[in-house]
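Summary of structural features
For reference, the chains in residue letters:
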Amino acid sequence: RLLTHDRPACVRLVQFHPAYSYEEFVKGIRVRNVDADGRNEVTYPVEDGVLCEFAAQAAARPGEPHVLIVDELNRGNLPRIFGELLFLLEYRDQA
């Protein structure tokens, strides 16, 4: 609350668990049922995960600090959750 000047909309809490995945955290294909002319159809749209949604929110309000809190980091399967982002974090000083 101190970092965001007590703006609850600028804080997001994510709790990792063993089944949490890259698709949920970053971006991925989701299964959705859509009603089309009285029939249910299955679609597979690519949707933003928590990180991309929160980054877009922060980008829309650049003057306000935003804080993403990851709870229970040790419970998640980090390679499964972060995917390629692990490489970017490890080698962030390289082009």
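Since this is a predicted model, take the numbers as computed values, not measurements. (Residues numbered from 1 in each chain as written. Predicted model: local features only at pLDDT ≥ 70, side-chain atom pairs only at ≥ 80, totals over all residues. Heavy atoms only, no water.)

**Regarding the overall build of the protein chain**
Under the convention used in this document: Secondary structure elements follow DSSP: runs of H or I of four or more residues count as helices, runs of E of two or more count as strands, with numbering from the N terminus. This radius of gyration counts C-alpha atoms alone. The globule rule is 2.2 Å times how many residues there are, raised to the power 0.38. A simple rule labels every residue: compare its accessible area, found with a 1.4 Å probe on the protein chains alone, to the largest value its type can have, and call it buried under 20%, exposed over 50%, or partly exposed in between. Contacts: residue pairs with any heavy atoms within 4.5 Å of one another. Areas reported as accessible are Shrake-Rupley estimates using a 1.4 Å probe. Residue values count occlusion only from the protein chains shown. By the counting rule applied here, Lys and Arg register as positive and Asp and Glu as negative, while His and the ends of each chain are not counted. A charge is said to be at NZ when it belongs to Lys, at CZ for Arg, at CG for Asp and at CD for Glu.
Check the secondary structure of the protein chain and you find 4 helices and 6 strands. Along its sequence from the N terminus, the protein chain presents helices and strands in the succession β-α-β-β-β-β-α-β-α-α. Over its C-alpha atoms the protein chain spans a radius of gyration of 17 Å, topping by over 25% the 12 Å that the globule rule assigns to 95 residues. By principal-axis analysis of the C-alpha atoms, the protein chain measures approximately 50 × 30 × 30 Å. Burial status across the protein chain gives 17% buried among its 95 residues. Contacts in the protein chain between residues at least 24 apart in sequence constitute 60% of all its contacts with a sequence separation of at least 6. If you sum the accessible surface of the protein chain, you get close to 7100 Å²; carbon and sulfur atoms cover 54% of it. The positive charge centre, built from 11 side chains, and the negative charge centre, built from 15, are 4 Å apart in the protein chain.

**Observations regarding a nonpolar patch on the surface**
Convention followed: Residues qualify for a patch when their relative accessible area is over 30% and they have no salt bridge, like charges being joined within 9 Å and the nonpolar side chains of Val, Leu, Ile, Met, Phe, Trp and Tyr within 5 Å. Within this document, salt bridges are pairs made up of a side-chain nitrogen of Lys or Arg and a carboxyl oxygen of Asp or Glu, the two lying within 4 Å of each other.
On the surface, Ile29, Val31, Val42, Tyr44 and Val46 cluster together into a nonpolar patch covering about 530 Å² of accessible area. Its location among the elements puts Ile29 in strand E2 (residues 27–29).

**Quick notes on unusual backbone geometry**
Phi at Asp6 is positive, roughly 60°, even though this residue is not glycine. As for its placement among the helices and strands, Asp6 is situated in the segment before strand E1 (11–15). For Asp6, a relative accessible area of 53% gives the class exposed. Positive phi is not limited to glycine here, since Asp37 has a value of about 55°. Take Asp37: it is sitting in the loop between strand E3 (32–36) and strand E4 (39–43).

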